[in-house]
Amino acid sequence: MPLPRKFFLSLLLSSFTALIPYCPAAIAQGTPSQSSATLTADQLEPVSGEYTYAPDPDTPVSFYAKDGKLYVESERMVPTALVALSPTEFSLARFHVTYRFNLSEKEVTINTDTVLRRTGEAVHHVFHHYERTEEMILMRDGVKLHAVILSPTDLPGPLPVLMERTPYGVDNTSEQSFFEGRPNLARAGYILVAEDIRGRYKSEGQFVMCRPLADHNNPKAVDESTDAYDTIAWLLKNVPNNNGRVGVIGTSYPGFLAMMAGIDPHPAVKAISPQAPMIDTWMGDDFFHNGAFRQTYGYDYALDLESSKERTEVNYGANVDGYDYFLERGSFAADVKQSGVKKDLPTWAAFEKHPAYDSFWRSRGVEHHLTKVTVPTLTVGGYYDQEDMWGPQEEYASLEPHDTDHQNFLVLGPWRHGSWSSSSRHLGALQYGESIGNEYRAQIEAKFFAKYLKDEPGFDLEDTASFQTGSNTWKRYAHFPPEASKSTTFSLCGTGTIAAGAPCTPGKLSYVADPANPVPYRHRPIQPTYSEGSKWGTWMVEDQRFATDRKDIALWKLPVLDHDLTITGEVIADIFASTTGSDGDFVAKLIDEYPDDDPDPAMHGFQLMTNMEIFRGRYRKSFEKPEALKPGEVNEFKWSLHDVDHVFKKGHTVLVEIQSTWFPLYDRNPQTFVPNIMLAKPEDYKPATITIIGDEKHESKLILPVVQN
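What counts and what doesn't
- Residues numbered from 1 in each chain as written.
- Predicted model: local features only at pLDDT ≥ 70, side-chain atom pairs only at ≥ 80, totals over all residues.
- Heavy atoms only, no water.
- Helix = DSSP H or I, 4+ residues; strand = E, 2+ residues; numbered from the N terminus.
- Rg over C-alpha atoms; globule rule 2.2 N^0.38 Å.
- Contact = heavy atoms within 4.5 Å.
- Lys, Arg positive; Asp, Glu negative; His and termini not counted.
- Charge placed at Lys NZ, Arg CZ, Asp CG, Glu CD.
- Expected span 1.5 Å × (residues − 1).
- Buried < 20%, exposed > 50% of the residue type's maximum accessible area, 1.4 Å probe, protein only.
- Core = buried A, V, L, I, M, F, W, Y, C linked by side-chain atoms within 4.5 Å.
- Pairing = 2+ DSSP bridges.
- Axes fitted to C-alpha atoms, helices over the stretch in contact; angles between N-to-C directions.
- Salt bridge = Lys/Arg side-chain N within 4 Å of Asp/Glu carboxyl O.

S.K.: Go over the overall build of the chain with me, naming the residues and quoting the values.
M.R.: Along the backbone of the chain there are 15 helices and 34 strands. Against the globule reference of 27 Å for 709 residues, the chain gives a C-alpha radius of gyration of 26 Å, in line with a compact fold. If one aligns the C-alpha atoms of the chain with their principal axes, the spans along those axes are about 80 × 65 × 55 Å. Pairs at least 24 apart in sequence give 74% of the contacts found in the chain among residues at least 6 apart. Computed over 67 positive and 96 negative side-chain charges, the inter-centroid distance for the chain is 3 Å.

Set out below in structure tokens:
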């Protein structure tokens, strides 16, 4: 199954597991450009065996001799013949992957710097054979959509259909890609259908970013829900050996499409799994968070998707730091003007014309239509999802009040965008001690679809599964948050300390926020979002010490913990503040500071964000109608920092930081009220002094969901 480009490129950026066992370069097949040496079975036997990369031991690779050639395979990589360059050097030459064996050390080096150790005899995995066909499927308005269909040829039927619809192109959908992306489901036996949505790649029609839901009382109206319906109706009539049941799955934009397939669904849809779905790109997903515009992402992503029917590479220039790139340009209107793009991009225009939460964005908010659980729904999200953390949490919360038949399920883990597809045991510097993707895929995802599409036993999730960080254990809850979680006030005192259920010394903390010198959101340099070498995928788990010592933030600390502190549920920031400007942003970070003697040397003194979010001050009363702040007036700003399931361990320290810039993840607030920040002029950007108040009348605080033991 082709992974969404938005997810897959992010997977390539920082996970070793994408390099060997299941990267496209390693599994795609073609004619090598190098000449092959002829080796005997006796020459091939010494390099045969299973090899494992120590940091990620759950992704071993096997090499073995067959028909006079050396083959490589893994759980995700179909057996592929290598070109023999010598008795100890082999390649997939067309894809620039080279394997060099060191027989004395029992090692193999991938390209030049990744070393795997031999850990046993070669392991052979089960791989089904899929016949591939392509179709143009007619929609109700006459538009035809391009689909690739993979049908197992070695499994008895009838079989259910597993469908993914995507804007990222399905031409590369193959037997190899299915095992690469979703190995458990590929082995379980489904008819896989991957479809280009309207206006993308080989499909006809016009592409509309996050197309709004149409009036389904109008039989001629079309949207992503009706296109899914029409596609399924065609599949049931035209694809042999199907059992009349369909499951829909997708990550990121395809997650949004999976959710849309569950709104007024075709009767054959029996299960959907929206994973990191884009539920509302203004409220909290890709493009805005609480009114603050995600400048780099909005610029990069729209340029990528809307410049043509296929992909467009984004480039800031050779060795250009994105921080400088966007700082020098200024507002988003200046970004567009200086981009050099000749074509009018609809989403860029929408950013400029619709900065507030008006009918344009509201019509695209899927949460407004989640009024019933139409089919069993398995929603998946990551606590460290750099793109769509809000979507899955909001989807689950919107459906939960309507879940009379207990078919609304949630899985949350310490994943970045889509990394539940990975088998890695770590994210950035964080080590979890086990592959947190393997258990989810085998015990939850595969069994969810097996139950509802095949009537097979084994799916036992009552409601929510969460991988609790800190303790690094899977938890299961009858509801999220669990009943044991109680909202608890952690007051931000004037002395820079945090008081939990204790008297708080009143006072104020102030800092100067200067739009000319904004706080970077990650370590510099900042590369284009999906460029080679970009750190976009793991910025949420970067050590925050690069920002903590700056003078333009306010910092509070809890005394070193003498017991474990567990928080499970939603974190709320409730801040009383004044500014000398007439507008301003507020960023709140909840941080777990590790001790200097942590058992893991990489975590000595590490400052890990567990929760973080921004709020644009002009929207304190209404997201639809922004208002200026009155300079010097104390206002209350209250916003969600999203769900968490984390244990602050004994000996750790809880930090809270408030700042007013987070650049260039978010555009700079001029701190002078202007009707449309997208059009702000250079002279509008001015420094402002922000003061956070903590007294009896103005109790600034974080409300944490503390689990009572």
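S.K.: Could you give an account of helix H8 (residues 295-306), with specific residues and numbers?
M.R.: At 3.6 residues per turn, the α-helix brings residues three or four places apart onto the same side. The end-to-end C-alpha separation of H8 is 16 Å, in line with the 16 Å expected for 12 residues at 1.5 Å each. Burial analysis of H8 places 12 of its 12 residues in the buried class, the great majority of the element. Considered for burial, the residues of H8 that qualify are Gln295, Thr296, Tyr297, Gly298, Tyr299, Asp300, Tyr301, Ala302, Leu303, Asp304, Leu305 and Glu306.

S.K.: Quick rundown of the nonpolar core? Include the residues and the values.
M.R.: The biggest cluster of nonpolar side chains holds 172 residues, and the ones touching the most others in it are Tyr253, Tyr301 and Val411. Among the elements that make up this core, the one with the highest residue count is helix H14 (residues 436-454) (9 residues). If we ignore the near neighbours within four places in the chain, the residues touching Val411 are Leu378, Thr379, Val380, Gly381, Tyr440, Ile444, Leu461, Ala465 and Trp474. Counting residues in each nonpolar core, the second largest holds 19 residues, with Val47, Tyr51, Phe63 and Leu116 among its members.

S.K.: Run through the sheet that holds strand E19 (residues 408-413), naming residues and quoting values.
M.R.: The 10 strands lie next to each other as E10-E11-E13-E12-E14-E15-E18-E19-E22-E23, forming an open sheet whose pairing is mixed. Across the chains shown, the open sheet's two edge strands, defined by having one partner strand only, are strand E10 (130-138) and strand E23 (473-477). The sheet shows a mean angle of 20 degrees between the axes of neighbouring strands, taken without regard to direction. In this structure, strand E12 (residues 159-166) lies alongside strand E13 (residues 191-196), joined through 6 bridges in parallel fashion. Bridge pairing links Leu162 to Leu192 in E13. Across the sheet, helix H6 (residues 224-238) lies against E10, strand E11 (144-152), E12, E13, strand E14 (242-251) and strand E15 (269-275), angled at about 145 degrees from E12, the strand it touches most. Helix H7 (residues 253-261) rests against E12, E14 and E15 of the sheet, and its axis sits at about 140 degrees to E14.

S.K.: Explain the pattern of salt bridges residue by residue, including any values.
M.R.: For the structure on display, the rule yields 27 salt bridges. The salt bridge partner of Glu107 is Arg117, with a shortest N-O separation of 3.3 Å. Of the two residues, Glu107 is situated in strand E8 (residues 107-110) and Arg117 in strand E9 (residues 114-120); the sequence distance between them amounts to 10 residues. Close ionic contact of Arg616 with Asp585 constitutes a salt bridge, the shortest N to O distance being 2.7 Å. Linking Arg616 in strand E30 (residues 607-616) with Asp585 in strand E29 (residues 585-593), this pair joins segments that are 31 residues apart in sequence. Side by side, Arg616 and Asp585 carry an identical accessibility label, which is buried. Bridged by salt links that share partners, the residues Asp141, Arg165, Glu195, Arg198, Glu224 and Asp227 form one connected network.

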